[in-house]
Every structure is written in C-alpha cells, then in structure tokens.
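Geometric and topological summary
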Amino acid sequence: MSDRVTESIRRAVAARSCGYCEYCRCSEKFATQSFTVEHIKPRKAGGENGLENLAWSCFGCNAHKHTKTEAIDSETQEKIALFNPRQQAWSDNFNWNNDFTQVIGKTPSGRVTVESLRLNRVGVVNLRRLLFAANLHPPEKVGLSDLDSI
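Residues numbered from 1 in each chain as written. Predicted model: local features only at pLDDT ≥ 70, side-chain atom pairs only at ≥ 80, totals over all residues. Heavy atoms only, no water.

1. A closer look at the nonpolar core
Counted only if it meets this: Residues enter a nonpolar core if they are buried and are Ala, Val, Leu, Ile, Met, Phe, Trp, Tyr or Cys, with the set joined through side-chain atoms within 4.5 Å. When accessible area is computed with a 1.4 Å probe and restricted to protein chains, residues below 20% of their type maximum are described as buried, those above 50% as exposed, and intermediate ones as partly exposed. Numbered from the N terminus, helices here are DSSP runs of H or I no shorter than four residues, and strands are runs of E no shorter than two. Contact criterion: two residues are considered in contact whenever any of their non-hydrogen atoms come within 4.5 Å of each other.
With 27 residues, the main nonpolar core has Cys21, Tyr23, Cys24, Cys61, Phe94, Val103 and Leu119 as its most contacted residues. Elements supplying a minimum of two residues to this core: helix 1 (7–16), strand 1 (35–39), strand 2 (54–58), strand 5 (94–96) and helix 4 (108–116). Not counting residues within four places of it along the chain, the set of residues in contact with valine 103 comprises Cys24, Trp90, Phe94, Asn95, Trp96, Val114, Leu119, Asn120 and Arg128.

2. Description of the side chain of arginine 121
Put simply, the rule is: Asp and Glu are treated as the negative residues and Lys and Arg as the positive ones, with His and the ends of the chain left uncounted. Counted as salt bridges are all cases of a side-chain nitrogen of Lys or Arg within 4 Å of a carboxyl oxygen of Asp or Glu. Under this definition, polar contacts are N or O atom pairs within 3.5 Å; protein pairs additionally need one hydrogen-donor-capable and one acceptor-capable atom, and for neighbouring residues in sequence, both atoms have to be side-chain atoms.
Mapped onto the fold, arginine 121 is located in the loop between helix 4 and helix 5 (122–133). Buried and without a salt bridge, arginine 121 has glutamate 38 as its closest oppositely charged side chain, separated by 12 Å. Reaching out from arginine 121, the side chain makes a polar contact with the backbone oxygen of arginine 118 at a distance of 2.9 Å. Residues within four places of arginine 121 in sequence aside, it is in contact with Cys24, Cys58, Gly60, Cys61 and His64.

3. Some thoughts on the confidence of the model for the chain
Segments scoring low in pLDDT should not have their predicted coordinates read at a detailed level. Test applied: Confidence of the prediction at every residue is given by pLDDT, a number between 0 and 100.
Looking at the chain, pLDDT values average 91 and 92% of them are 70 or higher. Per-residue pLDDT stays below 50 along residues 142–150; that stretch engages in 20 contacts with residues further than four places along the chain or on separate chains.

4. Side note on the pattern of salt bridges
Enumeration over the complete set of coordinates arrives at six salt bridges. Ionic pairing is found between aspartate 73 and arginine 111, a salt bridge with its closest N-O pair at 2.6 Å. On the criterion of sequence distance, the pair formed by aspartate 73 in the loop between strand 3 (70–72) and strand 4 (79–81) and arginine 111 in helix 4 is long-range, its members being 38 residues apart. Residue aspartate 73 shares its accessibility class with arginine 111, and that shared class is buried. Residue glutamate 75 pairs with arginine 111 through a salt bridge whose shortest N-O separation is 3.7 Å. Here the residue glutamate 75 occupies a position in the loop between strand 3 and strand 4, and arginine 111 occupies one in helix 4, the gap between them amounting to 36 residues. Residue classification places glutamate 75 among the exposed positions, given a relative accessible area of 59%.

Encoded structure:
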C-alpha cells in the first residue's frame with residue numbers, strides 16, 4: 001500500500017467528519033490551522049491508509065497524538081488505549097463541562113485521550129467559548145445530533 005493518503009480518501013475522511021475534529025470536536029470552519037488525515041494506528045506501527053484507520057483531526061490533536069496509541073490513566077494507573085473514532089462512540093467516552101468549553105473523559109479511554117491529546121488546550125477552550133456564545137458550539141447545536149453515526 002502507498003505511504004500517501006490519496007486525495008479521494010482524504011475527501012472521504014473529511015466528509016465523514018462533517019468538518020469537525022474527531023477528537024476535540026472543533027470545527028474546521030473556524031480553525032486557525034489546517035486539518036489533516038490522522039492515522040489511528042500509526043504507519044510506524046503497521047497502520048494502513050484505509051478508511052477504517054483514518055480520522056479527521058485538527059493540527060493540535062494530530063501533533064499531540066503523533067504515534068501514541070495508549071497512555072497511563074491517572075485514575076487507575078493502568079495503560080489504556082486512546083479513543084478510536086472508528087470503533088468507539090465519542091458520546092460514550094466524553095462529555096462537555098457545564099459551559100461546553102472543556103471535554104471531560106467519562107471512561108479510561110476518554111481520560112487518557114483528553115490528557116494525551118490535550119483536548120482542552122487554551123486556544124481550543126477560548127474558541128469553544130466564543131463559538132458557544134454565537135450558538136455554534138457544541139456540534140449538536142449546528143444540527144449534528146452525533147457525529148458517531150457518520
């Protein structure tokens with residue numbers, strides 16, 4: 001298989017996400033940096049370029065994930081696999097805090113993903129605050145009942 005993700009696969013991954021990062025749920029429409037195709041299982045670990053191994057990711061989440069696939073859960077001290085948007089539902093693993101600015105991990109996988117990918121980076125939290133005030137966040141407010149069904 002080619003080392004490069006084809007343009008048609010890139011478009012399919014982006015379309016499947018409805019323009020939202022599949023990890024932090026930020027909107028590509030309002031992002032300050034470009035989005036990219038992220039390998040859930042890194043190529044260095046044998047991950048391929050098939051749709052089942054690809055996620056649409058903001059630059060921040062992609063950079064913090066890099067080649068990570070697991071991390072230590074701060075509550076249980078166990079090594080836990082990061083959230084996999086192709087195999088797990090976002091809403092099963094994450095919640096929003098009361099003002100919808102921070103992602104809260106509900107499960108061990110959710111917690112390690114919040115910490116490892118730094119889903120509550122200052123810039124992202126500030127963007128969520130502004131988008132919430134404009135009635136454009138969380139994603140459910142813009143007509144997406146749950147991105148997991150895509």
